[in-house]
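Geometric and topological summary
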Amino acid sequence: MQKGLFITFEGGDGSGKTTQINLLRDYIAGKGREVITVREPGGVPVSEKIREIILDRNNTEIHNITEMLLYAASRAQLVSQVILPALNDGKCVICDRFVDSSYVYQGFARELGIEVVKTVNDIATQKLVPDITFFIDLDPVIALKRRLDLSKPDRLEMEDIAFHRKVYQGYMKIAGMYPGRIKRINGSGSVEDTFSQVRKYIDELLCRYKN
Ligand code: TYD
């Protein structure tokens, strides 16, 4: 039986997930709990190789279905090699993106359909579902600008702003579909403002959670 706590972060590119994940990792560790962080796509050597294929700016011919399957393949490896063993050991696992990203990017924005993505990902994840998911809600234009100020854009970041708006709509839709699990966090304020919202939910969860 799963004993650990599985926490995922979602949001458009540049929404500030990574900063929040690092803060949350330190916060949970400060409470004396074992915690690991992983990112998608990637997290283990096989999945990092798949990540290189997906995000390579030269791979412009990747078909939408190929892309969905690559994300799922990367996820299957990460779940079986790292996430499930850690949860079975009673650890907290914080994951930067999970199946919701595929629902939104492949199912909604690329229009493959959420049902198709769910069918494939139920196999990839062995039906593992996060205990809680934080959707960092930030206007896609501000998010993209924040991101581009930081680094060179990769293949997906070069998609036009219409795509990023669609991603945002997809997240709103998914948040509405899973209101118990997905918590909307206002990401437009300071790092501290955002984290205080995350911390509130985590404090509640940790109170209920017995290792
Ligand atoms: P990354 O550089 O890790 O972006 P971020 O820091 O915003 O997470 O690139 C991941 C990209 O892959 C991002 O544009 C979202 C996309 N993605 C999907 O389209 N489907 C998925 O299932 C996942 C996990 C990511």
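Before reading on, note that the structure itself is shown above.
The sections below set out a description of the structure shown in this document.

About the thresholds
- Residues numbered from 1 in each chain as written.
- Predicted model: local features only at pLDDT ≥ 70, side-chain atom pairs only at ≥ 80, totals over all residues.
- Heavy atoms only, no water.
- Buried < 20%, exposed > 50% of the residue type's maximum accessible area, 1.4 Å probe, protein only.
- Helix = DSSP H or I, 4+ residues; strand = E, 2+ residues; numbered from the N terminus.
- Phe/Tyr/Trp six-rings, centres within 6.5 Å; stacked < 30°, edge-to-face > 60°.
- Lys NZ or Arg CZ within 6 Å of the ring centre and 35° of its normal.
- Contact = heavy atoms within 4.5 Å.
- Near = heavy atom within 4 Å.
- Polar contact = N/O pair within 3.5 Å; in protein donor to acceptor, adjacent residues only side chain to side chain.
- Areas by Shrake-Rupley, 256 points an atom, 1.4 Å probe, with all protein chains shown as cover.
- Pairing = 2+ DSSP bridges.
- Axes fitted to C-alpha atoms, helices over the stretch in contact; angles between N-to-C directions.

Observations regarding helix H4 (residues 99–109)
- Of all 11 residues that make up H4, 10 are buried, and the element is covered over most of its length.
- Listed in full, the buried residues belonging to H4 are Val 99, Asp 100, Ser 101, Ser 102, Tyr 103, Val 104, Tyr 105, Gln 106, Gly 107 and Ala 109.
- Note on H4: the residue one or two positions beyond its end, Glu 111, has a positive phi of about 65°.

Topic: the packing of aromatic side chains
- Per the counting criterion, the structure on display carries nine aromatic pairs.
- Considering the side-chain rings of Phe 9 and Phe 134, the 5.2 Å spacing of their centres and the 40° angle between planes classify their relative orientation as tilted. Placement of the pair is Phe 9 in strand E1 (residues 5–10) and Phe 134 in strand E4 (residues 132–137), with a sequence separation of 125 residues. You'll find Phe 9 and Phe 134 in the same group, each marked buried.
- Relative to Tyr 178, the ring of Tyr 103 lies with its centre 6.5 Å away and its plane at 15°, an arrangement referred to as stacked. With Tyr 103 in helix H4 and Tyr 178 in the loop between helix H7 (161–177) and strand E5 (182–186), this residue pair connects regions lying 75 residues apart in the sequence.
- Assessed through its relative accessible area of 6%, Tyr 103 is described here as buried.
- Put simply, the rings of Tyr 105, Phe 135, Phe 163, Tyr 168 and Tyr 171 pair up and form one aromatic cluster.
- For the cation-ring pair, Arg 181 lies above Tyr 178, with the distance from its terminal atom to the ring centre recorded as 4.9 Å.

Notes on the side chain of Arg 97
- Among the structural elements, Arg 97 can be located in the loop between strand E3 (92–96) and H4.
- Beyond its immediate sequence surroundings of up to four residues, Arg 97 is in contact with Phe 9, Glu 10, Gly 11, Gly 12, Asp 13, Lys 17, Glu 40, Tyr 105 and Tyr 171.

Description of the site of the ligand
- Close to the ligand lie 16 residues, the nearest being Lys 17, Tyr 71, Arg 97, Ser 102 and Gln 106.
- Between an oxygen atom of the ligand and a side-chain N or O atom of Asp 13, the distance comes to 2.9 Å.
- Taking 550 Å² as the accessible area of the ligand by itself, protein coverage stands at 95%.
- Elements represented by at least two residues in the shell around the ligand include exactly helix H2 (45–55), helix H3 (64–88) and H4.

Examining the pairing of E4
- Burial analysis of E4 places six of its six residues in the buried class, which makes it a mostly covered element.
- Alternating positions in E4 separate into two faces, Ile 132, Phe 134 and Ile 136 on one and Thr 133, Phe 135 and Asp 137 on the other, with burial throughout.
- Sheet topology note: the E1/E4 ladder contains four bridges and is parallel. Note on E4: the bridge partner recorded for Thr 8 is Thr 133.
- Pairing of E4 with E5, which is carried by five bridges, proceeds in the parallel orientation. By the bridge assignment for E5, Phe 134 is matched with Lys 183.

A closer look at the sheet that holds E1
- Across the sheet, which stays open at both edges, the five strands sit in the order E2-E3-E1-E4-E5 with parallel pairing between neighbours. Pairing within the sheet leaves two strands with one partner each, and these edge strands are strand E2 (35–39) and E5. Across the sheet, the mean angle separating the axes of adjacent strands is 20° when strand polarity is ignored.
- Pairing of E1 with E3, which is carried by five bridges, proceeds in the parallel orientation. Bridge pairing links Phe 6 to Val 93 in E3.
- Relative to the sheet, H7 contacts E1, E4 and E5, its axis offset from that of E4 by approximately 145°.

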